[in-house]
Structure formats: C-alpha cells, structure tokens
Amino acid sequence: LCSRNMADSFRSLVFLISAVLSLAVADIKVSDYVYWKKADISAWHQYFPSRALQEESLTNIGAVKAAQDVAQGLNESLRRVAWYQTQELDTAQFMMEGTSAQGCVEGISTFMTKAIDNEISTYQDCAADVLPRLNRASVNLTRITSNYQNAYHRALAGIDSCVKTYPNKDSLSRLKTCVEAWNKNYFTVANTTRNYNAFVSPAMTIFTTAAECAQTAAKKCGRQGMGFLAEAGPLREAE
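Quick caveat, the model's predicted, so the values are computed rather than measured.

**Describing the state of the cysteines**
Here comes step 1: Scanning all chains against the criterion turns up two disulfides.
Here comes step 2: A sulfur-sulfur distance of 1.8 Å marks the disulfide that ties Cys126 to Cys213. The disulfide joining Cys126 to Cys213 has a torsion of about -65 degrees about its S-S bond and is therefore left-handed. Placement of the pair is Cys126 in helix 4 (residues 108–126) and Cys213 in helix 7 (residues 202–238), with a sequence separation of 87 residues.

The following block contains the structure:
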C-alpha cells in the first residue's frame, strides 16, 4: 500500500512538472511568436517603405531645385550655344569689313537674340506645369508617408494590445488571429507604399519634362544658328 501511494505521488509529481514545463514552453513560444512578428514589421519598415519614402522625398526636393536651375539658367545656356556658333563669323566679319555682306554677318547678334527669346518663351510654356506638378507630388507624398507611418505604429501597438487582450493559454488561437490581422494590415499598406516609386520616381518623371523642353530649345537654337551660318556662307563666296 505504501509502495502504491509512493508511486501515485511520483506520477502526480511528474504530471505537475510536465504541466509546469508545458506552460513554460508555451510562454516561450508565444513570446517568440510575438517578438518575431514585431521584428518582421520593424525590419521591413526600416529597409523598404521608410527608405523608399525618404529617397522619394529627397528626389522631389532635388527635382524642384534642378527645375528652377534649368529655368533660371536656360537663357545663359542658349546664349553660350549661340556664342560658339558665332565664332565662325568673327573672322568673316573682319574679312568682310566694308563690304555689303558685313551688315548680314553683323545681324546674327540680333537674329540669335530674337531666336533665344522665342525659345525661352516656348520653354516656359512647355515646362509651365513642372513645378506645380512637383509641388502636388510632394503634398501627395506627405499624405502617403503619414498614412504609412500610421499603419506602422498602429500595427505594433495593435499586436501589444492582442497580447493584453488574450493573456490566457486557452486563448492562443485568438491571440494569433489578432496578431495576424494586424500583421496583414501593415503589410498591405507597406507593399502599396513601396510600389509608389518601386520602378520609377514620380518626381524624376515630372522633371524629365523640364529636361526635354530645355533640350528641345537648345536644339532649335542650334539649328537656327546653323541655318544663319549656312545663309551667310554664299554671301562670303559672292564677295
């Protein structure tokens, strides 16, 4: 009888130890599960949406500055193009001094000034919406960033709330359902945010318009200058 009682007591002790160990293991698993879910969100936040949004913000600032520089420096750039072209006529002007062709050669200054003024006006029309579009893109980016940051912080706080709401071991399934819901909500917003500039920067796409308009202006000025030189050539030969 004594031996049987000791055996029963031993089995009870083993059962109690097993139960305690099971609870401890469950605690560790739940703790690890919650930790890694939050760590996954934090890591994704740091290396993808957050970085992408920061890069786009800096790109937008740079695009605004570049567009302003293009607009302000276009006149000087076009005059430099014209200056290189007129160097060929410097010698011709010297050689034709006192001839009937001199007035035609000297007229390139007036001709190119008008051509440059026309192209600057055309550029201003062509690129008129670049800065407004960049400003609107900046406002939109601020909205997207705010929406994303809210989703990020809500997800972390929501997971903590899940742990507090379902602290009991018999609520593990509901705890995981709660955590997974916040996890899914975050990654839905994060992936949408990441795709905002995943393939091409909206700011650079807008700035490309200014660059193309300026390039067109430079080419047209160049062609007009070359055309003037071509017309001046026969005059030199005639003299």
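**Comments concerning the environment of Asp160**
Here comes step 1: You can see Asp160 is positioned in helix 5 (residues 130–165).
Here comes step 2: For the pair Asp160 and Val179, spaced 19 residues apart in sequence, the C-alpha separation works out to 8.6 Å.

**A short note on helix 6 (residues 172–194)**
Here comes step 1: For helix 6, built from 23 residues, the straight-helix expectation of 33 Å at 1.5 Å per residue is met to within 8% by its first-to-last C-alpha distance of 32 Å.
Here comes step 2: Of all the positions in helix 6, only Leu175, Cys178, Val179, Asn183, Tyr186, Phe187, Val189, Ala190 and Thr193 are classed as buried.

**Let's talk about the packing of aromatic side chains**
Here comes step 1: Taken as a whole, this structure holds six aromatic pairs when the rule is applied.
Here comes step 2: Measuring from centroid to centroid gives 5.8 Å for Trp44 and Phe187, while their planes differ by 65 degrees, and the two rings are edge-to-face. Of this pair, Trp44 sits in helix 1 (residues 2–47) while Phe187 is found in helix 6, placing the two residues 143 residues apart along the sequence.
Here comes step 3: Taking the centre distance of 5.0 Å and the plane angle of 75 degrees together, the rings of Tyr186 and Phe187 count as edge-to-face.
Here comes step 4: Take Phe187: its relative accessible area is 16%, and that puts it in the buried class.
Here comes step 5: Each residue in the set Trp44, Phe48, Tyr148, Tyr152, Tyr186 and Phe187 is aromatic and connected to the rest through ring pairs, giving one cluster.
Here comes step 6: Its end group placed over the ring of Tyr33, Lys176 keeps NZ or CZ at 5.5 Å from the ring centre.

Each value, and the rule that gives it
Residues numbered from 1 in each chain as written. Predicted model: local features only at pLDDT ≥ 70, side-chain atom pairs only at ≥ 80, totals over all residues. Heavy atoms only, no water. Disulfide = S-S within 2.5 Å. Helix = DSSP H or I, 4+ residues; strand = E, 2+ residues; numbered from the N terminus. Expected span 1.5 Å × (residues − 1). Buried < 20%, exposed > 50% of the residue type's maximum accessible area, 1.4 Å probe, protein only. Phe/Tyr/Trp six-rings, centres within 6.5 Å; stacked < 30°, edge-to-face > 60°. Lys NZ or Arg CZ within 6 Å of the ring centre and 35° of its normal.

Limitation: the analysis is restricted to geometry and does not speak to function.
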